[in-house]
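Observations on chain architecture
Residue strings, one per chain:
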Amino acid sequence: MFRKTLPQTPPPNPNMPVERVTSVLGPGILWKGNLRGTGGIRIEGTFEGDITLRGLVVVGETGKVVCQTLQANTVIVAGTVTGNITAEKLEIRGTGRVWGDVIISALATEEGGFLRGQVRMEEKIEFPLETSTSESTSETA
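Here's a quick rundown of the structure. Chains are numbered independently. Their residues run from 1 in the order of the written sequence. Residues qualify for local features only when their pLDDT is at least 70, as the model is predicted, and side-chain atom pairs are given and counted only at 80 or more; totals for whole chains, interfaces and linings, by contrast, use all residues. Where side-chain values are given, they derive from all heavy atoms of the structure, hydrogens and water being excluded.

On a plain count of helices and strands, the chain comes out with 1 helix and 11 strands. For the chain, buried positions account for 34% of its 141 residues. In this description, contact between two residues means that some pair of their heavy atoms is separated by no more than 4.5 Å. Long-range pairs, those at least 24 residues apart, make up 12% of the contacts in the chain between residues at least 6 apart in sequence. As displayed, the chain has an accessible area near 9,100 Å², and 52% of this comes from carbon and sulfur atoms. Numbering goes from the N terminus for both helices and strands, where a helix is a DSSP run of H or I of at least four residues and a strand is a run of E of at least two. Working definition: with a 1.4 Å probe on protein chains only, accessible area under 20% of the residue-type maximum means buried, over 50% means exposed, and in between means partly exposed. Every accessible area reported is derived by Shrake-Rupley at a probe size of 1.4 Å, with residue values counting cover from the shown protein chains alone.

In this section: the packing of aromatic side chains. The criterion for an aromatic pair is that two Phe, Tyr or Trp rings (for Trp, the six-membered ring) have centres within 6.5 Å, with stacked assigned to planes under 30 degrees apart, edge-to-face to planes over 60 apart and tilted to the rest. Inspection of the entire model under this criterion finds 1 aromatic pair. Both rings, one in Trp99 and one in Phe114, keep their centres 5.4 Å apart while their planes meet at 55 degrees; by these two values the pair is tilted. Here Trp99, found in strand S8 (residues 97-99), pairs with Phe114, found in strand S10 (residues 114-116); they are 15 residues apart in sequence, far enough to count as distant. The partly exposed category is assigned to Trp99, whose relative accessible area is 35%.

Of all hydrophobic cores here, the largest spans 22 residues; its most connected members are Val57, Val65, Leu70, Val75 and Ile85. Secondary structure elements with two or more residues in this core: strand S3 (35-43), strand S5 (51-59), strand S6 (64-77), strand S7 (80-92) and strand S9 (102-109). With 6 residues, the single largest contributor to this core is S6. When residues no more than four places from it in sequence are discounted, the contact partners of Ile85 are Leu70, Val75, Leu90, Val98, Asp101, Val102 and Ile103. Throughout this description, the term nonpolar core refers to a set of buried Ala, Val, Leu, Ile, Met, Phe, Trp, Tyr and Cys residues connected via side-chain atoms within 4.5 Å.

On the secondary structure map, Gly112 appears in the loop between S9 and S10. Note on Gly112: relative accessible area 43%, which makes it partly exposed. Sequence separation of Gly112 and Gly96 is 16 residues, and the distance between their C-alpha atoms is 7.8 Å.

This part covers the pairing of S6. Along S6, 10 of the 14 residues are buried, which leaves the element largely enclosed by surrounding structure. Pairing between strands requires that DSSP locate at least two bridges from one strand to the other. Direction of pairing for S5 relative to S6: parallel, over a ladder of 7 bridges. Looking across to S6, one finds that Val58 is bridged to Ile76. Direction of pairing for S6 relative to S7: parallel, over a ladder of 11 bridges.

Pairing between strand S1 (residues 23-25) and S3: 3 bridges, direction parallel. When the bridges of S3 are listed, Leu25 appears paired with Ile43. Taken together, the 9 bridges between S3 and S5 define a ladder with parallel strand orientation. Bridge assignment links Ile43 to a residue of S5, and that residue is Val59.

The next thing to look at is the environment of Leu115. The residue Leu115 is located in strand S10 in this model. Residue classification places Leu115 among the partly exposed positions, given a relative accessible area of 28%. Separated by 13 residues in the primary sequence, Leu115 and Val102 place their C-alpha atoms 9.2 Å from one another.

The structure is reproduced here in structure tokens:
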């Protein structure tokens, strides 16, 4: 009778990018390996390996990423990235340093931000999130 009805929120869509940080790699941590999935990550330590993420990647001022490829919907660099970046949006902060080629739809840089590499802008960025082991095996056979 006096119960207030709360609005129903739809369940999260796994195909939609996450535009917030859901995981943190803290300072002083060294992580070697590949990262794939959906979500947002802030890297304040050192990450060595490829990143393919439907969501947000923030490389903080103390963060360092060394990779062949970093693919995400949004990438914000305040630390250093050595590797190629494919993203819908790339923001290089004043303390950010990027060594590698970038393929992006939107680019923003603050004064002092550094990029050494080629920049290719596309109207739309698409990248595969996951490849099964049978697909990769059949391609190499």
